[in-house]
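# A structural walkthrough
The chain contents come next:
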Amino acid sequence: MTEYNFAYLDEQTKRMIRRAILKGLAIPGYQVPFASREMPMPYGWGTGGVQVSAAVLTPSDTFKVIDQGADDTTNAVSIRTFFQRTAGVATTTATSDATVIQTRHRIPEEPLHEGQILVYQVPIPEPLRFLEPRESETRKMHSLEEYGLMHVKLYEDISRHGHIATSYAYPVKVEGRYVMDPSPIPKFDNAKLGDMAAIQLFGAGREQRIYALPPYTQVVSLDFEDHPFEASKADHLCGMCGANDSYLDELIIDDLGGRMFVCSDTDYCEARQAAGHKGKDAA
Amino acid sequence: MQANTLSGGFADPATQSAHAFRSVMEAMARPGTIQDIHGAAPPAPLSPAMGAVLLTLCDTETPVYLAGDMDCDAARAWLAFHTGAPFVGPAQCMFAVGKWDALTPLEVYPIGTSEYPDRSATLIVECSELASGATLTGPGIKETATLSLPELEAFQANRTLFPLGLDFIFTCGGRLAALPRSAEVSRSSSQARAQAGAS
């Protein structure tokens, strides 16, 4: 604790990030540039999320980190330990007990409540980047609300596959204005983005962008009248807890093509198992 | 130099500014909610809430405009010592500090550009009260919220600039509320009745 400033970052950096967060909240879905710092982990490991978390954490917070829904993967464990050491915050794996949740690529299954903050790690914040590589151009497209190219991309999906095949990082429109990349969450989670009670903050470290969704913001997944948006998941029950409403990971369990489906949200699955729910693969 | 220039800052800047920021962020994310904010004891005419907001958000990179009565030696010296923020006119500021009458008209403040709408001023307005009042809708508000505002027209005009525009933090003693540019402001039904009765 004494070796570092509270929550690792120096105060001037935190002020800069905090100012960006406030502008992000005032302009939902707009990507605010910020002076991203080198963090003691490589870009791509959640440096954007870590910097946002460092700027919002207080000593009285309870912190949870999930990586693809799991509390126990390397990325989640190391970031949780990082803030345990540098900010002295309490940590938890229970979604409802956490006040700040940093996430990579999932939204918890359990609905979040007011007073919670969800911090996303974002690799590529610009939804138009793979369609137009020049930042100067994408910035102009956002300023002119010129999002036709994104609809062309979704249309090409339909012409090639018969349906919109984009299954993660599915683009959304925020409050009828900015098209936003919700980070690579499965499109199953897109339905939870809008009207959420918690504050959602997005940090992209390498790309140096912060954006935000205030609570109860209108978020609409882009689609077509004849091809409406569909939040899809594997059509199975969780093998461990039997849940039919949670997003599932597919696991290969032997060399003979055997597989099972389990909840990607470990806390949700464990809580259900503790409550006596049992799937077909549970021991 | 006054003795109170050197005092009144955060005793424990890292944790006190973290708590203060959470108050400001909650206020900005949930327009109409009134938050407590602690830790600063600036000299008059700066209020404790205003002082805490400035300590939390301002430093040498943020030009500050002091409007009207706020532009006095005591406030300048305190802010210069504790934040190092440069003092500028309204057209160059990132933060403007003052009472509503001194801050208006709003046309002079930077509202951002269409490519960088975040490059806009935040106005920190000291109010005589924070209570319910005008009806607010928009991001951060479940159905409707309510907040006492110094007037309506200026905020309605500001909303039409979206995504450009100004953001507001209202302070009163040790409390604050906020109004981002995204909020729609209208007369509350009780205010409308009062005006109908008066005319």
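Please read these numbers as outputs of a predicted model, since none were measured by experiment.

### A closer look at the overall build of chain B
- Across its full length, chain B carries seven helices and nine strands.
- In terms of overall dimensions, chain B is globule-like: its C-alpha atoms have a radius of gyration of 17 Å, near the 16 Å expected for 199 residues.
- The buried share among the 199 residues of chain B stands at 54%.
- On chain B, roughly 8000 Å² of surface is accessible, and the fraction owed to carbon and sulfur atoms is 52%.
- Of the side-chain charges in chain B, 11 are positive and 19 negative, and the distance between the mean point of each set is 7 Å.

### Concerning the interface of chain B and chain A
- Counting residues at the interface gives 42 residues for chain B, matched by 43 residues for chain A.
- Across the chain B/chain A interface, buried area totals approximately 3400 Å², and carbon plus sulfur atoms make up 62% of it.
- Our enumeration of links across chain B and chain A arrives at six salt bridges.
- On the surface where chain B and chain A come into contact, there are 18 residue pairs in polar contact (both at pLDDT 80 or more).
- Those elements that provide at least two residues to the side of chain B that touches chain A are helix H2 (13–29) and helix H3 (48–57) of chain B.
- Ranked by the residues each element gives to the side of chain B that touches chain A, the list is headed by H2 of chain B, at 13 residues.
- A per-class count over the side of chain B that touches chain A returns 21 nonpolar, 11 polar and 10 charged.

### Considerations on the sheet that holds strand S6 (residues 145–147) of chain B
All names here are of chain B.
- Taken in spatial order, the three strands make up an open sheet running S6-S5-S9, and their pairing is antiparallel. Where the open sheet ends on each side, the last strands, each with one partner, are S6 and strand S9 (184–186). Direction aside, neighbouring strands of the sheet carry axes that sit 35° apart on average.

### A short note on helix H4 (residues 73–82) of chain B
Residue and element names in this part refer to chain B.
- Of the residues making up H4, those classed as buried are Ala 75, Trp 78 and Leu 79. For H4, the buried positions fall inside an angular range of 95° around the axis, keeping them on one side.
- Of the surrounding elements, those touching the buried residues of H4 are helix H1 (3–6), H3 and strand S2 (64–66).

About the criteria used
Residues numbered from 1 in each chain as written. Chains lettered and ligands numbered in written order. Predicted model: local features only at pLDDT ≥ 70, side-chain atom pairs only at ≥ 80, totals over all residues. Heavy atoms only, no water. Helix = DSSP H or I, 4+ residues; strand = E, 2+ residues; numbered from the N terminus. Rg over C-alpha atoms; globule rule 2.2 N^0.38 Å. Buried < 20%, exposed > 50% of the residue type's maximum accessible area, 1.4 Å probe, protein only. Areas by Shrake-Rupley, 256 points an atom, 1.4 Å probe, with all protein chains shown as cover. Lys, Arg positive; Asp, Glu negative; His and termini not counted. Charge placed at Lys NZ, Arg CZ, Asp CG, Glu CD. Contact = heavy atoms within 4.5 Å. Buried area = accessible area lost by both parts, 1.4 Å probe. Salt bridge = Lys/Arg side-chain N within 4 Å of Asp/Glu carboxyl O. Polar contact = N/O pair within 3.5 Å; in protein donor to acceptor, adjacent residues only side chain to side chain. Nonpolar A, V, L, I, M, F, W, Y, C, P; charged D, E, K, R; others polar. Pairing = 2+ DSSP bridges. Axes fitted to C-alpha atoms, helices over the stretch in contact; angles between N-to-C directions. Arc of directions from axis to C-beta.

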